[in-house]
Amino acid sequence: MRTPIEDWPLTSTDSSSGLLTRFATQVKAVDGRFASITHLSEAQEYMLKLIKSKNVKRVVSVNKELSSKLFPPNSPLKNLEITSNGSLPREEFFKAVQVAEVGISTVDTAVAETGTLVILTSDESDRLVTALPEIHVAIVPRSKIVSSLHDVEPLITEMLNQTKSGATVSLISASSRTADIGDKTILGMHGPKELHVLVLDEELL
Amino acid sequence: MDEASRKAHSQLLEKIALGLRNKRQRAALYVGTEGGRELVEKAYSEVADSGEMLVEARRIKRDAIERLDENLERFMNAAKSAGVTVHLAPDASAAVQLVVELARRANAKRIVKSKSMTGEEIELRDRLESEGFDVVETDLGERIVQLAHQRPSHMVAPAIHLDVEDVTELFSRTLGKKIPPDPEQMTAIARNSLRQKFLEADMGITGANFAVADSGAIVLVTNEGNARLVTALPKTNVAIFGMEKIVPNLADAFTLIQALTMSGAGRKMTSYVTIQRGGSNLAQTGQKQEQHVIIIDNGRSKMREDATFRQALYCLRCGSCLDICPTFRIFGGHTFGHIYTGPIGVPWTKYTATLDAAGEIAPLCISCGLCKHACPEDIDIPLLIARVKEEYTKQHGQLSINRTLCNYEAFINFASMTAPLSNFVLGLPGFRRLLQVLVGIDARRPFPKFTRRTFKKWFAEHTTTGTRQVAYFVDTFADQCETDIGKAVVGILEPYGCKVTVPTQMGSGMPAFLYGDLKQTKKSAEFNVLNLAKSVRDGCEIISTEPTATYCLKDLYPHLLQSSDAELVAAHSHDLFEYLLQLSKDGMVNLGVHRDQTEPVAYYPPCHTRSTYGNSPVLEVLKAAGVDARVVRYNTCCGIAGTFGFKKGREGYDVSMAVGETLFERLKELDCQLVLTESSVCKMQIEHGTGMRVVHPAVFLWELLQTRV
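Residues numbered from 1 in each chain as written. Chains lettered and ligands numbered in written order. Predicted model: local features only at pLDDT ≥ 70, side-chain atom pairs only at ≥ 80, totals over all residues.

### A word on the overall build of chain B
Of regular secondary structure, chain B possesses 36 helices and 18 strands. At 27 Å, chain B has a C-alpha radius of gyration in line with the 27 Å of a compact globule built from 709 residues. Referenced to the eigenvectors of the C-alpha coordinate spread, the extents of chain B come out at roughly 90 × 50 × 50 Å. By the burial criterion, 57% of the 709 residues in chain B qualify as buried. Here the analysis covers contacts within chain B between residues at least 6 apart in sequence; of these, 76% occur between residues at least 24 apart. (Helix = DSSP H or I, 4+ residues; strand = E, 2+ residues; numbered from the N terminus. Rg over C-alpha atoms; globule rule 2.2 N^0.38 Å. Buried ≥ 20, exposed ≤ 12 C-beta atoms within 10 Å, placed from the backbone. Contact = placed C-beta atoms within 7 Å.)

Right under this line is the structure:
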């Protein structure tokens, strides 16, 4: 029997790490899916299950390196259309982001206390990968998790000021939601309905 | 009262009548505000250091407004260095004109907007539409009110007043086909239709939750993620915000974001926070986005110049004061609001629209004080509204019933002097009808029983010894109606070595405050502070058994008088039960060891107790004394609000009974024979609304102590 994605277990090294546990708790508390991964094969398996269970046809990724790691050449997903930013003319990638069911991104840092992903972008193509598809998968390097928002504030200020012209920092702490009709919470108002957070060892990336 | 304000007031009464009859709207508002309130209270109870966070959030806003000029300049320079074009707009029409020009220059046809109260304030959408632009709101609630040709009822939940059926009808009408009444399906429909609009938009307009001076970034907080798409897709972006939104740095913005999301959504963090510094490269073409910010004044400088109204600029737009407000919960923002709605909407309306517009809605504030307690920035909203009432009545005159009620003390003195005859006369139906027609006091509202043998008379003949000096601020009701309360105070305190005195005093002045007669409130405040400060200097602690009086002594008087004596009195004033708790903590009082209390009692903490203390000291004492006290789960006011519930019909009584409806039901559900509450007027309201027996906790405790084994 398959393990449901939601119940993906934390490995033993993880539970000893308070930061990771707090991060996981916070992500799950707001309907996020969380997995901590030590082998690249686990990440590939996670993606495989996700793609199959949601019957996903099209995936977009912020870069080719990331997508080639998550979907190896021998992947059984023969008909999956994988588009990476930078590998196509801009207009075509923009079209791909509009129709993709899954968007895969990296993060610059993540905050345990609030379950927040911190992503700096200066090209809207990258930001839209996390904003248009119904499912957002964020790959978080294990070493990039910090405790509180205030811990990342100097870094964000620096990131913003370093960019000569324009940049955007997105803090993503849950999937898109609304309660504007009858005070009932519905996920996926404009952005992703589902947020998947995959914590990976840095050397895997 | 002049003709113009008389007309405005009768229009308000008409809206009140409609609102009271609109059962579906009342149900929708109840679900939204009650749900919102419960989430927020849960969030604050769960986050351990939220108290410190609020202290910091208050410091930040006070400091940011103090140094606004400096912050504004720094923001403008930093934004310019990021390639942003910065515009300053002194008023609403200048701001609108700027947007219109930018839209024309960008050759825009379709404009997508994310929700912005500043946009509402300057009526931006209407103006752009009248210039021929196709403007689409993208926040679902805001889109709903746009399609319904309405204004937002609530700053966080614009469509809070509409139920699922209303939205279903609206969607069906808009789409020209029948839509099932299912929020999930309707949300999906909105997602798809709005997605198309985003992709076709030429210009995006946002507000800003915060603007960061040291990086020139604007911060947008949403759960839906609409602001992300508004800022990412169109080639031209405009952010419009008030100058009070500027904070010095991102660290400060983060603290305020936490305060905002906790108080606004009951969550540790919203789904999305977008920190945007300048324009990024467009996904479509790779070209740089054109980025503009428009910083508007529109009355804010004037607000800042006023020592009292300045604090309105600390508002984070979380909507807490709306969710907790007894009358907002019944009527919503279309009645209790101009453009800015609910309690904080009143001072904001005065400065961004007109004093008249603010004064016309101000009577819906019944001075319960709960909004001050709920406000993360601790803005004294009731005081600001009283100031609006004062200025408005100075210009337009006062309603005669309000004038009468400001002088309630004279009436009570007379009734007490002539008791028991007064009680007999006030009980005559014919006389009550006369009172209703001639004075405007609702005939259905029972009066308390007045007594000629007042507490003060009783106390004058009472001798007391003790070493601990306690000055009792009796207030009107305990003196001239229910003298058992004062006798219980003396009975409880004396065995603990307290020497009780009753210093010279008058009523608290709160009834005059309710109708904006601040001159009279000040008179009462000055008189009481003068005498009570003497008592404090003589070594007394001041105690009170009326929560409204405690609220005045500890909170209102110092704000109103700004004097060191008022501060002195505030620091030494206590609710009786808070004082007892203190004595018990010092080991002076043993509240425990009482006869087994088998009968459970219901307890209702009055607004002014909640507003002054947060958690009620009464409840702590009752628990310590082994009483099975069941607190009624209820988030707002009982509705009577001093003399407000005595006014006839829509003017007071009908509203007060509508507000109290839920409280009455929940008290009955507790299945207790007895209700305890320390406010004299809450007691009248609950007795009238439930038929249950209501007793002051001091009286209850005194009886309990006497039966101690």
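### Looking at the sheet that holds strand β3 (residues 134-137) of chain B
Residue and element names in this part refer to chain B. Strand order in the open sheet formed by six strands is β1-β10-β7-β4-β2-β3, and the pairing between neighbours is parallel. Because the sheet does not close on itself, it has two edges, and the strands there are β1 (85-89) and β3. Put simply, the sheet's adjacent strands are angled 20° from each other on average, direction ignored. Examined bridge by bridge, β1 and strand β10 (residues 290-296) share five bridges and lie parallel to one another. When the sheet's bridge partners are listed, Val 86 is paired in β10 with Val 293. (Pairing = 2+ DSSP bridges. Axes fitted to C-alpha atoms, helices over the stretch in contact; angles between N-to-C directions.)

### Here we look at the interface of chain A and chain B
Contacts between the two partners involve 44 residues from chain A, matched on the other side by 52 residues from chain B. Secondary-structure elements contributing two or more residues to the side of chain A that touches chain B are α5 (90-99), β6 (116-121), α6 (124-129), α7 (149-162), β9 (167-172) and β10 (177-178) of chain A. Broken down by element, the residue count for the side of chain A that touches chain B peaks at seven residues, all from α7 of chain A. Of the residues that constitute the side of chain A that touches chain B, the class distribution is 14 nonpolar, 20 polar and ten charged. Looking at chain direction, β9 of chain A and strand β9 (residues 272-277) of chain B are connected through six bridges and run antiparallel. Its bridge partner lying in β9 of chain B, Thr 168 of chain A is registered against Gln 276 of chain B. (Nonpolar A, V, L, I, M, F, W, Y, C, P; charged D, E, K, R; others polar.)

### A short note on the pairing of strand β4 (residues 203-206) of chain B
All names here are of chain B. With burial as the criterion, each face of β4 is covered, one bearing Met 203 and Ile 205 and the other bearing Gly 204 and Thr 206. One ladder, built from three bridges, connects strand β2 (residues 110-113) with β4; its direction is parallel. Residue Lys 113 lies in a different strand from β4, and its bridge partner there is Ile 205. Pairing analysis gives four bridges linking β4 to strand β7 (residues 236-242), with the strands arranged parallel. Note that in β7 the partner of Met 203 across the bridge is Thr 236.

### A look at the environment of Lys 302 of chain B
Residue position: Lys 302 of chain B is located in helix α13 (residues 300-305). Here Lys 302 of chain B falls in the partly exposed class, since 14 other C-beta atoms lie within 10 Å of it.

### Side note on the sheet that holds strand β13 (residues 541-544) of chain B
All names here are of chain B. If you trace the four strands from one edge of the open sheet to the other, you get β12-β11-β13-β14, paired in parallel fashion. Bordering the open sheet on either side are β12 (498-501) and β14 (573-575), each of which pairs with just one other strand. The sheet shows a mean angle of 35° between the axes of neighbouring strands, direction not considered. In this structure, strand β11 (residues 468-473) lies alongside β12, joined through four bridges in parallel fashion. Following the sheet pairing, Ala 471 is matched in β12 by Thr 501.

### Topic: the environment of Tyr 472 of chain B
Residue and element names in this part refer to chain B. Take Tyr 472: it is sitting in strand β11. Between the C-alpha atom of Tyr 472 and that of Gln 505, which follows or precedes it by 33 residues, the distance is 9.7 Å. Not counting the four nearest positions on each side in its chain, Tyr 472 is found in contact with Gly 486, Val 489, Val 500, Val 502 and Ile 543.

### Overview of helix α3 (residues 40-53) of chain A
An α-helical turn contains 3.6 residues, so a residue and the one three or four places further along point in the same direction. Residue and element names in this part refer to chain A. Between its first and last C-alpha, α3 extends 20 Å over 14 residues, near the 20 Å set by a 1.5 Å rise per residue. Lining the buried residues of α3 we find β1 (33-37), α4 (64-70) and β12 (194-200). Directly after α3, the chain includes Asn 55, whose backbone phi takes a positive value near 55°. (Expected span 1.5 Å × (residues − 1).)

### With respect to the domain arrangement of chain B
Residues and elements named next belong to chain B. When its domains are assigned, chain B resolves into domain 1 (1-46 + 306-397), domain 2 (62-298) and domain 3 (455-706). Between the C-alpha centres of domain 1 and domain 2 there is a distance of 24 Å. The interface of domain 1 with domain 2 comprises 28 residues on the first partner and 28 residues on the second. For the side of domain 1 that touches domain 2, the element with the most residues is helix α2 (residues 23-46), which contributes eleven residues. When its residues are assigned to classes, the side of domain 1 that touches domain 2 shows 15 nonpolar, nine polar and four charged. (Domains from an automatic or database assignment.)

### Let's talk about the packing of helix α28 (residues 518-537) of chain B against helix α30 (residues 564-571) of chain B
Residue and element names in this part refer to chain B. Two numbers describe how α28 lies on α30: the axes approach to 9 Å, and their chain directions differ by 60°. Relative to α30, the element α28 is oriented oblique. Crossing of α28 against α30: the hand is left-handed. Packed against α28, whose contacting residues are Val 529, Leu 532, Ala 533 and Val 536, the element α30 presents Asp 565, Ala 566, Leu 568 and Val 569 at the interface. Classifying every residue of the contact of α28 with α30 by side-chain character gives seven nonpolar, no polar and one charged. (Parallel < 35°, antiparallel > 145°, perpendicular 65-115°, else oblique. Left-handed = near helix turned anticlockwise from the far one by under 90°.)

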